[in-house]
Amino acid sequence: MEKYGVNELRKMFLEFFESKGHLAMKSFSLIPHNDKSLLLINSGMAPLKPYFTGAEIPPRRRVTTCQKCIRTGDIENVGKTARHGTFFEMLGNFSFGDYFKHEAIAWSWEFLTQVVGLDPNRLYPSIYQDDDEAFDIWNKEIGIPADRIFRFGKEDNFWEHGAGPCGPCSEIYYDRGEKYGCGKPGCTVGCECDRYMEVWNNVFTQFEGDGKGGYTELAQKNIDTGMGLERLAVVMQDVDSVFDIDTMKAIRDKVCEMSGKKYQVDALDDVSIRLITDHIRSATFMISDGIMPSNEGRGYVLRRIIRRAARHGRMLGIDGIFMAKLAATVINESKDGYPELEEKKDFIFKVLSQEEEKFGKTIDQGLSILSDMEKQMEADGVKVLSGENAFKLYDTYGCLLYTSPSPRDI
Ligand code: GLY
């Protein structure tokens, strides 16, 4: 299997769908346009919602994109596991009332088996429980034996993200082999372990969901596909996690170089190394789209991301502000797909450095106040910081007080 790099894979995907009559569009901004349901773009289809519903006419009825996305729902787990992250790129091919299940399924199979060359014997499709049409396409047209096609319920095979266009889906899993498995009896497609990895999702977008379980049939039948670029790279490069793929490893290595730490030596250091590696990507892309750190909305998400990364930099022992220097690596790794990063690099560096400096001052001020509080406590013979003082430190100076044994549980 060829170990294609992230930038190569992005290009191969877009070119493949261009050859199938799709218009390759630039990634939309992370800032949603006319969509109050989202703070940040969180999937390839999110900026395209009006084309699915028919509210707007698309530039072409077949479109392909590689969309920058941010999801912060699991931010507390970022770093603690090698699975979680906030920033990712989503590859997608879309049909707005044009082709439907036959073409979408056939092209996903063609791309995975013939373009990037995954072994067909390691690929397993899944379908929505009663979608016999998708079953027949996989079975009769593609030739997948019935016992290799998995039927799952709404939780797994019905794609929706809040309100908006949605529908049943058919996913493709790749068997990464026993070395990634849990070894438990019954471990197969759908198991929570790392062996069977979902790489592609073909969504048959035929409903408009109200976000509360109500659905209305859309006037046109659409296709919305999603394939996480980083996930595809994990499979192609046969590495443990997204933190090991070429572009992310370059950032991870830079964090290690700056801190003098090695990855996979100390579990707590690894949490910080992964968290910084992920967060610097989100921060760099958010700033390049014009988001500024602030105390509300998207700006607050950005501020929180920068400050979490800065705090973990201190924990790793990195001296002084470092995020602008690290952003240079992000830009270098991603400018192929996002030339605007290079164009805006000075602005990105400035925003990162200003926010990091501001945070550093706040922390130092907080620590000095804490030291005064401790002196007063000693004079008063008090051993525990009062709730009032703890709140003051948290509220005014952004200091979180850590207790052993989980200082990085933040
Ligand atoms: N919109 C389809 C997916 O993200 O999987």
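Parameters and conventions
Residues numbered from 1 in each chain as written. Predicted model: local features only at pLDDT ≥ 70, side-chain atom pairs only at ≥ 80, totals over all residues. Heavy atoms only, no water. Helix = DSSP H or I, 4+ residues; strand = E, 2+ residues; numbered from the N terminus. Rg over C-alpha atoms; globule rule 2.2 N^0.38 Å. Contact = heavy atoms within 4.5 Å. Areas by Shrake-Rupley, 256 points an atom, 1.4 Å probe, with all protein chains shown as cover. Expected span 1.5 Å × (residues − 1). Buried < 20%, exposed > 50% of the residue type's maximum accessible area, 1.4 Å probe, protein only. Pairing = 2+ DSSP bridges. Near = heavy atom within 4 Å. Polar contact = N/O pair within 3.5 Å; in protein donor to acceptor, adjacent residues only side chain to side chain. Nonpolar A, V, L, I, M, F, W, Y, C, P; charged D, E, K, R; others polar. Salt bridge = Lys/Arg side-chain N within 4 Å of Asp/Glu carboxyl O. Core = buried A, V, L, I, M, F, W, Y, C linked by side-chain atoms within 4.5 Å. Axes fitted to C-alpha atoms, helices over the stretch in contact; angles between N-to-C directions. Parallel < 35°, antiparallel > 145°, perpendicular 65-115°, else oblique. Left-handed = near helix turned anticlockwise from the far one by under 90°.

Just checking my understanding: could you explain the overall build of the protein for this structure?
On a plain count of helices and strands, the protein comes out with 13 helices and nine strands. Relative to its length of 410 residues, the protein is compact, with a C-alpha radius of gyration of 23 Å against a globular reference of 22 Å. Each of the three principal axes of the protein carries a C-alpha extent, and together these read 80 × 50 × 40 Å. Restricting to contacts in the protein with at least 6 residues of sequence separation, those with at least 24 account for 70%. When the accessible area of the protein is evaluated, it comes to approximately 18800 Å², of which 48% is carbon and sulfur surface.

Got a minute to help me understand helix 12 (residues 345–380) in this structure?
The end-to-end C-alpha separation of helix 12 is 52 Å, in line with the 52 Å expected for 36 residues at 1.5 Å each. Looking one or two residues past helix 12, Gly381 carries a phi angle of roughly 70°, positive in sign.

What am I meant to see in the pairing of strand 8 (residues 196–209) here?
For strand 8, the tally of buried residues reaches eleven of 14 residues, placing the bulk of the element in the interior. Both strand 7 (residues 164–175) and strand 8 contribute to a ladder of ten bridges, which runs antiparallel. When the bridges of strand 8 are listed, Gly164 appears paired with Gly209. With eight bridges joining them, strand 8 and strand 9 (residues 215–228) adopt antiparallel strand pairing. Across the sheet, the residue bridging to Asn201 is Gly226, located in strand 9. The antiparallel hairpin formed by strand 8 and strand 9 contains five residues in its connecting segment, where Gly211 sits at a positive phi of about 85°.

Sorry if this is basic, but what is going on with the site of the ligand here?
Lining the immediate surroundings of the ligand are Met45, Met90, Trp159, Asn201, Val203, Asp224 and Gly226. A distance of 3.4 Å is found between an oxygen atom of the ligand and a side-chain nitrogen or oxygen belonging to Trp159. Within the contact set of the ligand, a nitrogen atom lies 2.8 Å away from a side-chain nitrogen or oxygen of Asp224. Against a free-state accessible area of 200 Å², the protein chains account for coverage of 95% of the ligand. Elements supplying a minimum of two residues to the shell around the ligand: strand 8 and strand 9. Of the residues that constitute the shell around the ligand, the class distribution is four nonpolar, two polar and one charged.

Help me understand the environment of Arg308, please; the structure alone is not making it clear to me.
Relative to the elements of secondary structure, Arg308 occurs in helix 9 (residues 297–316). For Arg308, a relative accessible area of 3% gives the class buried. As for Arg308 and His279, which are separated by 29 residues in sequence, their C-alpha atoms are 8.1 Å apart.

For this particular structure, what's the right way to read the pairing of strand 9?
Strand residues, when the strand is regular, have side chains that alternate between the two faces of the sheet. Two strands pair when backbone bridges link them, and strand 3 (residues 87–96) and strand 9 are joined in this way by five bridges, in the antiparallel orientation. Note on strand 9: the bridge partner recorded for Ser95 is Ile223.

I would appreciate a short explanation of the pattern of salt bridges in the present structure.
As a working rule, side chains carrying opposite charge can pair if their charged atoms are close by. Counted by the stated rule, this structure contains 28 salt bridges. Where Glu89 meets Arg10, a salt bridge forms, and the shortest distance between an N and an O atom there is 2.8 Å. Linking Glu89 in strand 3 with Arg10 in helix 1 (residues 6–18), this pair joins segments that are 79 residues apart in sequence. Here Glu89 and Arg10 have matching classes, each one buried. The salt bridge involving Glu257 is made with Lys254; its shortest N-O contact spans 3.4 Å.

What am I meant to see in the nonpolar core here?
Nonpolar side chains in soluble globular proteins generally cluster together in the buried interior. Grouped together as the largest cluster of nonpolar side chains are 86 residues, with contacts concentrated most on Leu9, Phe111, Leu112, Val116, Trp200, Met286 and Leu352. Contact partners of Met286, with chain neighbours within four places excluded, come to Leu30, Leu40, Ile70, Ile291, Arg298, Val301, Leu302 and Ile305.

Would you explain the packing of helix 3 (residues 101–115) against helix 4 (residues 132–142) in this entry?
Packed helices, taken two at a time, are described by the angle between their axes plus the distance between the axes. The geometry of helix 3 relative to helix 4 is characterised by a closest axis approach of 10 Å and an angle of 50° between their N-to-C directions. Overall, the two elements helix 3 and helix 4 adopt an arrangement that is oblique. For the element pair helix 3 and helix 4, the recorded crossing hand is right-handed. Between helix 3, through Lys101, His102, Ile105, Ala106, Ser108 and Trp109, and helix 4, the contact on the second element is made entirely by Glu133, Ala134, Ile137, Trp138, Glu141 and Ile142. Along the lines of polarity and charge, the residues of the contact of helix 3 with helix 4 split into seven nonpolar, two polar and three charged.

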